[in-house]
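# Chain and residue survey
The primary structure of each chain is shown beneath.
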Amino acid sequence: MHETHVLKLCAADLKERRILPDEITFEIFTMESCNRFSGVEHAAYLHYIKNASVYFGPGCNNEMLIIGRLVSRWNVPIIAHLSGDDALADRTVFDTLGSVALSSATEMARATLTYIKLYGWRQVGLVRPSVNYEQLSLHSLRNLLKDEEIDINIIVDLDPFMTPDEIISSGKLDLLRTKARIIIVELGMDLHTSRSFLTAALRSNMKTNEFVYIIPWLAHLHDHYPWEANTVDKAEAKLAFDEAIVITAHGYDRQFIDSFQQRFSKLTGIISSHYATLSYMSLYDALYLYGLAVRDAYDDTKDSKIFLNGATIWKKMTSRQFTGSTGQVLMNSKGVRVPSYATYYTQNGTMKIVVELTAKLGDKTKCDHLQDDCSEHVAHEILPHYWSSYDGLMPIDMPKCGFDGSLCDYTIFFIIGGVLLFFAIVVPLGYLIYTKEKERMLYDMTWRIPREHVRLLEKDCSKSDPSIGKSIASGSFAGSLGSKANSRISAKQAICNGVRVAYKRYQQTRNLTFPKADLMRLKELKLIENDNLNKFYGICFNQQNELLVLWVLCQRGSLEDVLFNEELKLNRNFQASFAKDVVKGLNFIHTSNLKYHGFVCLQNCLVDSNWTVKHTNFVTEELIAEKLQHNELKYIIDVPPKKTELQEDSESDMEEEMTDSKGITDRSMSKKYIQQAPEIIRELITTKFLPAGSQAADVYGLGMVLYQILFKVEPFFERDVSNSKIMEMIALANDNDQIIRPTFPSQQAGEDSYNLQLLSAIEACWLELPEMRPSVKRMKTMVNSNLKTSGNGSLIDQMLKMLEDYTTNLEALVKDRTALLEEAQMQADRLLKNMLPTSIAEDLKVGKPVVPQLYQGATVLFSDIRGFTRISSTSTPLQIVTFLNDMFSGFDAIIAKHDAYKVETIGDAYMIVSGVPNENGNAHVQHIADIALKMRTFVSNFKLAHKPEEIMMVRIGFHTGSVAAGVVGLAAPRYCLFGDTVNMASRMESTGVANKIQISETAFNLLHCFYPQFIVVERGTVEVKGKGQCKTYFLEGKETKKKGMN
């Protein structure tokens, strides 16, 4: 009705935007159509009377089919803006027809196929009207699905006017349920036509999240959604459309419609309806497309009448895109608009875009072969995981059990369910019983010893066994007391159930209880066993107001007693074995449930009768310290009946110290505590009690123990300050202070020094930050790799094995000695073979006389370094020896790759022979030639370390002939060459030129005859002492095989 205003609005925009040339203006005529073929009559009138250059419309297909054929005959373009019927697609008939309509059924079908392929669905169902379905997209979609080999399981034909109840009663929904889960529903051009079907599906419980309903929405005939109509149950309709997938052209977006409607109303004062606005927007885009085509044709021809050529104008309308009132307008090679589509997900009455199906032109090469490839739709998922399933993913096209559940046998599931139910009952019940039993065992306290089973031994008993007294008095089990007190207290030993144990005794101030965590650790401590851990025997408590901690007694005392006993001469094997035992024991603790030792020091490492080191006092020290801190325990000092004056003074000091309320004032000065980590020492100074340990603190103590084992000195031996002062320096060190750590003593002369890698690892154990210290596993690797012992097993095992070898297996001993002899013999053989040729050395070894021999064919080479005398005069002897060693080592490496023998070196002179003593036919001259070339190259690249600017050159000469060879001398036998060939070779070198290889005529003839690949240049005649004038040659190089083939 108002098409004239729309066209004038578009024409004004074309002029304003300078799209339309100034020479061309539009005159607009609008006439009636779609009324008893009035449009055909008016089209002829406009052509013959008004000479129309372009037609827009009509909106009905029956008139468009006729007018489209007429304008083709008149060579006038026509642009359809409302009809998108597939019947207009044949460009052999409608060769000047273009279309900007959004309602193309073919493009909707292709967009729907793109969406189906996006989720990989391979089987679908179709719901279509029983009449006039040819003009809908399902008609084209059916063929496209077949081309893509996507199965159409069912096609349901419904009367578009059926009510939901009629659809349900027809039984077609039940049939659809058993055939498809991905269902494309198109019962008409508009979305409203699907309302009855979706309502019927809702009432039939077919609206679960395993059903996907895809609705192509070709034409927007209403300005409201189906669930907003006043003639329906809005709530039910809204539920029916929930989770429906609606695909429609992007040009129908509400923001495009509202924007155009406001602008059109503002300029014309006309308020148009929703449907009319849609047709006006398409008409606007049609004229805009025509304006662009006219501009392009004019730009190409500069002909102001070009718009009369309909075929040219139509060609300019194809394969292009622009932004119109309906969004992006993409024209394919047929002049038909390919709309971009939006896929909407309907939920609770709102529609949100989840997938964009963007149109784009296809590859031109493919388009020339197949018209369907001229454009395509690209899917972009805007909102992922939008479906209402638990993971947000779209359902599969067929349920796992099939559409009717026939593919699943649930018997196995019932069995599995029964088994799971059984385990669900039995496992928790069993676990409950297990935990109760475990808790009962925990509170059984298998480590608790009745006090009446323990018989404390008197001091005199301990003195009868000096090793026992030393073990205890050294601090193995008196760690809670100061070092001064330890030296005055006799050994504390006891007999428990026939087992000799050492004990530590405390006075209880009240009955003791242990928390569950401590009970678990004590239980684990009782059960743990290892060759390098002392056995924890148990604890007596809550009897006689005292607590006893019992450990199995070790006979040789602590590691401190052994290491610092001057009467014991311990070699490196003992030290290595002790270090490995300490690391192995600590590693076992760290990998066990105990997690850490808590008090690693040299005094807590005991040595048993087999010379095996065992850790002791782990875990219990921490538990006792906690009880002492809470004043649940006190120390007990045993006072001997008779005391000397010195003992009285010492005990008075000790009693004064132990009456200190803080408890460890004197202990903080003991040698044990300066071996602890800085964080432990800080707690000791603050609380006066041993804090909880850690693996990092154990590693620090391990470093201290290894330090004392390897060097047999106490930590900080070089500092003339008290232990308490050292502890304060360690604890109070900050970022500005130098960290206090032990220093490594210098090694004595004649001793093998320890590997720097091992010393660095020990230093790493003493790092201030606990997390920076290495693990025990790392330290175990370092100790095992850097401390080697001469045997396997413990020290006692090694000694026993040696006795067995000497007494019962003398043959093995002889074999060992023989192996050593053979090794010495091999060393002598290697030395001999370095002095003499291998074959000659072998003859000398077996006592075979080496008879001098004449060799008919051999090549002798001499070399001399240019300027050696000058270099020697300005260099030190060490520099000369280093220089010659580096150069001759390079020569030796070259000779090793060839059949040649280095005869001798005198100063800078170097003598080589090939063909002696191993004769090799004529190959000796080839080997010497190759060696000479490589020697010259090596010297050219050689740089003097102390004179890098010096350019090095070598003078080389060789000669071929017969030589005599033999061994000369007895004390220092040498393999010597004699004959004229040696002299001639020496003259070739002495008369040569620097950086040149001079060869004799004999050598040249042999090379030229058998090895022509060598490049030789004649030098001329040279005066040779004793020979007169001799023709000589220069060996320049060697041709590669590739070059020789050319």
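Criteria and thresholds
- Residues numbered from 1 in each chain as written.
- Predicted model: local features only at pLDDT ≥ 70, side-chain atom pairs only at ≥ 80, totals over all residues.
- Heavy atoms only, no water.
- Salt bridge = Lys/Arg side-chain N within 4 Å of Asp/Glu carboxyl O.
- Helix = DSSP H or I, 4+ residues; strand = E, 2+ residues; numbered from the N terminus.
- Buried < 20%, exposed > 50% of the residue type's maximum accessible area, 1.4 Å probe, protein only.
- Core = buried A, V, L, I, M, F, W, Y, C linked by side-chain atoms within 4.5 Å.
- Contact = heavy atoms within 4.5 Å.
- Pairing = 2+ DSSP bridges.
- Axes fitted to C-alpha atoms, helices over the stretch in contact; angles between N-to-C directions.
- pLDDT = per-residue confidence, 0-100.
- Phe/Tyr/Trp six-rings, centres within 6.5 Å; stacked < 30°, edge-to-face > 60°.

### A short note on the pattern of salt bridges
- Counted under the stated rule, the structure contains 33 salt bridges.
- One salt bridge connects K316 with D300, and the closest N-O pair in it is separated by 2.4 Å. Here D300 lies in helix α11 (residues 274–301) and K316 lies in helix α12 (residues 310–317), a separation of 16 residues in the sequence.
- Among the residues examined, D300 registers a relative accessible area of 52% and is labelled exposed.

### Some points on the nonpolar core
- Core analysis: the largest hydrophobic core is formed by 72 residues, its most contacted members being Y115, I214 and Y386.
- Top element by residues in this core is α11. It accounts for 16 residues.
- Dropping the residues within four chain positions of it, Y115 is found in contact with W121, I214, I245, I247, T343, V355, L357, Y386 and M394.

### Here we look at the sheet that holds strand β13 (residues 375–381)
- The strand order β5-β4-β6-β7-β8-β11-β12-β13 describes an open sheet built from eight strands, whose pairing is mixed. Each end of this open sheet is capped by a strand with a single partner; those strands are β5 (151–158) and β13. Between one strand and the next, the sheet's axes are offset by a mean angle of 25°, whatever the strand orientation.
- Summarising the sheet, strand β7 (residues 212–217) and strand β8 (residues 244–249) pair through five bridges and their orientation is parallel. Looking across to β8, one finds that W217 is bridged to T248.
- Of the strands in this sheet, β4 (123–129), β6 (182–185), β7, β8, β11 (341–347), β12 (350–361) and β13 touch helix α4 (residues 105–118), which is tilted by about 40° from β13.
- Sitting on the sheet, helix α5 (residues 137–147) is in contact with β4, β5, β6 and β7, with an inclination near 155° to β4.

### Some details on the confidence of the model for the protein
- Per-residue confidence for the protein averages 84 on the pLDDT scale, and 88% of its residues sit at or above 70.
- With pLDDT under 50 throughout, residues 641–669 is counted as low confidence; its partners more than four residues away or in other chains account for 40 contacts.
- The low-confidence segment residues 1042–1046, where pLDDT is below 50, has one contact with residues more than four positions distant or belonging to other chains.

### A look at the packing of aromatic side chains
- In total, this model carries 43 aromatic pairs according to the counting rule given.
- Judged by centre distance (5.7 Å) and plane angle (50°), the rings of Y707 and F711 are tilted. One end of the pair is Y707 and the other is F711, both in helix α24 (residues 695–711) and four residues apart, which spans about a single turn. F711 carries the same exposure label as Y707, and that label is buried.

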